[in-house]
Amino acid sequence: MLRRIHHVCLRTRDLADAAQRWSIQFGLTIRELTPERARLACTYEPYSLELVQSDRVGADHTAFELSRGVTLEDAAAHLSGLGVSHEHIAGAVYLRDPDGFGIELVPYAPPDDPRPAIARSTTTLAGFHPRKLGHVNSLTGDLAGMTEFYCDALGMRVTDRLGDEGCWLHLGADHHTVALVGKGHYHFHHLAFELTDWGELRVALDHLAQHGRWLAWGPVRHALGQNLAAYVRIPEEECMVELYSDMEQLPADHEPRTWPDDAHSSNTWGILPPRSYFRFDAAAVDWERQGLEALGHPLPA
């Protein structure tokens, strides 16, 4: 039913500041900026990140584009058949997953220009910018229920399982579009931007360091997904950004795999994330910023 991930929407307290911050620090192009919302793009797509003004910060929803030939009415009928509550608003279908996180389904829209980005001309794109929004990751208290929902209601397929702790789901050839990690509670964890290669990842991390950003974990080489990755903390919107490259491409006949829940599956280079990586409270952010866990100071409960 779904073609690709379309955008992620985050709530922020200072919209104008956030739009500039995401543009300057992550190389995104501002497509639209009003007092209520901003929309930013990686390259030539309409937008991949939506920011909305709110007193309650954090992730609001993830949007997915429907496959060619699948209408909003088709999607709504499919959801109705499964008993999934949804509504039509402004040319999209809105629903919530079992953890209460928002999902938006938008109509298929062919690109204005089907040529690859390198064959086009631009006067607006920054020199450093991500290739695309690649995937999202959420912590959940109901791994089995969330996996069933994303497969049955949205048509995703299981790529890999990490013991009983995680499930990675895909739409196309990319290893995953949605990842779910069982942590006993819900929290949107990260959105992920694809970069070209290790060299561009280095440029991006040097750039972010000059803007006062730090890595919550990484660089790492995941066994699940095979991607090179680094995770940047964004306290302002209570999430992280994964910058990655070299994602595993799946064959059409891919069969789900189950990996042992060990350090090698998470990172072939060996180091697991600090405990703060899975937390978004002020103490965890401060401990991580100062590297206190590495200095032997236990993270407060």
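Scroll up to find the structure.
These numbers were taken from a predicted model, which means no experiment stands behind them. (Residues numbered from 1 in each chain as written. Predicted model: local features only at pLDDT ≥ 70, side-chain atom pairs only at ≥ 80, totals over all residues. Heavy atoms only, no water.)

Undergrad: Help me get a handle on the side chain of Thr159, residues and values and all.
TA: Within the secondary structure, Thr159 is located in strand S10 (residues 157-162). Not counting residues within four places of it along the chain, the set of residues in contact with Thr159 comprises Trp168, Leu169, His170, His175, Leu250, His254, Glu255, Pro256 and Arg257. (Helix = DSSP H or I, 4+ residues; strand = E, 2+ residues; numbered from the N terminus. Contact = heavy atoms within 4.5 Å.)

Undergrad: Lay out the side chain of Glu237 with the relevant residues and their values.
TA: Among the secondary structure elements, Glu237 is positioned in the loop between strand S15 (228-234) and strand S16 (239-245). One polar contact links Glu237 to Arg21, side chain to side chain, over a distance of 2.9 Å. Look past the residues within four positions of Glu237 in its chain and what remains in contact with it is Leu10, Arg11, Thr12, Ala18, Arg21, Trp22, Gly58 and Ala59. (Polar contact = N/O pair within 3.5 Å; in protein donor to acceptor, adjacent residues only side chain to side chain.)

Undergrad: Talk me through the environment of Arg56; I want residue IDs and the actual numbers.
TA: Following the sequence through the fold, Arg56 ends up in the loop between strand S4 (49-53) and strand S5 (58-66). The class for Arg56 is exposed, based on a relative accessible area of 55%. (Buried < 20%, exposed > 50% of the residue type's maximum accessible area, 1.4 Å probe, protein only.)

Undergrad: Please set out the sheet that holds strand S9 (residues 132-140) residue by residue, giving values where relevant.
TA: As summarised here, the arrangement of the nine strands in space is S14-S15-S16-S13-S9-S12-S11-S10-S17, forming an open sheet in which the pairing is mixed. Edge positions in the sheet fall to strand S14 (215-221) and strand S17 (257-259), since each has one partner strand and no second. Mean inter-strand twist for the sheet, computed between neighbouring axes without regard to direction, equals 20°. Of the strand pairs in this sheet, S10 and strand S11 (residues 166-170) are connected by five bridges, and their pairing is antiparallel. Across the sheet, Asp160 pairs through a bridge with Trp168, a residue of S11. The strands touched by helix H1 (residues 15-26) within the sheet are strand S13 (187-194), S15 and S16, with S15 carrying the most contacts at an inclination of about 150°. (Pairing = 2+ DSSP bridges. Axes fitted to C-alpha atoms, helices over the stretch in contact; angles between N-to-C directions.)

Undergrad: Help me get a handle on the pairing of strand S7 (residues 92-96), residues and values and all.
TA: Pairing between strand S6 (residues 86-89) and S7: four bridges, direction antiparallel. Considered in S7, the bridge of Ile89 is made with Ala92. Counted between consecutive antiparallel strands, the loop separating S6 from S7 contains two residues, among which Ala90 sits at a positive phi close to 50°. Note: S7 against strand S8 (residues 102-106), four bridges, orientation antiparallel. Paired with Arg96 across the two strands is Gly102, which belongs to S8. The turn joining S7 and S8, which pair antiparallel and follow one another in sequence, is formed by five residues; a positive phi near 90° is taken by Gly100.

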